[in-house]
Amino acid sequence: MPLFNLTSPAPVTFILAGIPGMEKSHIWISIPFCSMYLVTVLGNWVVLFVIRTERSLHQPVYLFLSMLAVADLTLSTTTVPKMLALYWFSAGKISLGACLTQMFFLHFSFSVESVILSAMALDRFVAICHPLRYTAPLTPSVVVKAGLVALLRSFCIILPCVFLPKRLPFCGHNVIPHTYCEHIGVARLACADISINVVYGLAVPIAAVAVDVLLIAASYVLILLALFRLPSRTARHKAFNTCSSHLCVILLFYIPAFFTILTHRFGREIPHHVHILLANMYVLFPPLLNPIVYGAWTQQIKEKVLGVFNCPKSCLLQE
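The rules behind each value
- Chains are numbered independently. Their residues run from 1 in the order of the written sequence.
- In keeping with the predicted nature of the model, local features appear solely for residues at pLDDT of at least 70, side-chain atom pairs appear and are counted solely at 80 or more, and the whole-chain, interface and lining totals rest on all residues.
- As a rule here, side-chain values cover all heavy atoms of the structure and leave hydrogens and water aside.
- Helix and strand definitions follow DSSP, with helices as H or I runs of at least four residues and strands as E runs of at least two, each counted in order from the N terminus.
- Three labels apply to residues, based on accessible area from a 1.4 Å probe with only protein chains included: buried if under 20% of the type maximum, exposed if over 50%, partly exposed otherwise in between.
- The criterion used for residue contact is that any of the two residues' heavy atoms lie within 4.5 Å.
- Aromatic contacts are taken between Phe, Tyr and Trp rings whose centres are within 6.5 Å, Trp giving its six-membered ring; a plane angle under 30 degrees counts as stacked, one over 60 as edge-to-face, and the others as tilted.

Novice: Looking at this structure, how should I read the overall build of the chain?
Specialist: Scanning the chain for helices and strands turns up ten helices and three strands. Starting at the N terminus, the α and β elements of the chain follow one another as β-α-α-β-α-α-β-α-α-α-α-α-α. Going through the 319 residues of the chain one by one, you find that 45% of them count as buried. Within the chain, residue pairs in contact and separated by at least 24 positions form 80% of the contacts whose partners lie at least 6 positions apart.

Novice: Honestly, unusual backbone geometry in this entry has me stumped. Any pointers?
Specialist: A negative phi holds for most residues other than glycine; trans holds for most peptide bonds. At S90, a residue that is not glycine, the phi angle is positive and equals roughly 55 degrees. Structurally, the position occupied by S90 is in the loop between helix 2 (60-89) and strand 2 (93-95).

Novice: Help me understand the packing of aromatic side chains in this model?
Specialist: To describe a pair of aromatic rings, you give the distance between the ring centres and the angle between the ring planes. The full count for this structure, using the stated rule, is ten aromatic pairs. Judged by centre distance (6.0 Å) and plane angle (80 degrees), the ring pair of F104 and F155 falls under edge-to-face. Of the two residues, F104 sits in helix 3 (residues 96-129) while F155 sits in helix 4 (residues 140-166), which places them 51 residues apart along the sequence. Among the residues examined, F104 registers a relative accessible area of 11% and is labelled buried. Assessed through its relative accessible area of 38%, F155 is described here as partly exposed. These aromatic residues form a ring-pair network of at least three members: F104, F105, F108 and F155.

Written out as structure tokens, the structure is:
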């Protein structure tokens, strides 16, 4: 006899509860969240526009950066509009299909971004340790293939996380104490054994991200060893500056992610609304800050962005 009936009816809709205990503050919370989302969309589209239109930026590092911008837009757009609708209009209802779709793109974009960051670490390793051969292995076609590998790996890892909750029976309890759908949160509503969901939902994605982190760490160990062998402090400083923005983006991405995972897993004494706020911040902060970091610390992008915004003034002066 099966552990549960696969034909058990699932609820037509789930209900996203928002931030438990802070329902009266939803409008005030939505103001900074909406502002951050608008800046996120603007910043990442500006980065994409500048890289697309400026031929001198058609280099591996900037192609990877454009992929990162697309992943950031996907991560934030998957969750924030529904979150704002919940805050503004109490529109917490979400169908099972929409919930699973949101869940897929949330975890998928996270995985893709992790692969892209590891590919960017390899790009910095080649640029610093083998500068004379930088353009030979990292051709545009190789970068595109790396992007396709990131998509394929993430798709294969995340797709089971969608089908595992889909096969579970739900017995009427359909309130998700969160602002968006995520795998374990949905699985916990089922009236069946979810041990497979817990094991797969934690072990497989975390193991995949751990591989990316180890690859990034190994790349930067080799980069540091190469920097120490440079003859002058000026050369070391100049070489390190080429990967400082990437290091900042890595910290912005992984530290909040691991902190959220660890507090959710082991922080039993932390109030539930704090967990939800941290989860909301995670889908907003990295996509918001990534284009700012690269725009401020990467001279080529900063010059092109300033050129775009100063163009009308310069054109008027020329006339």
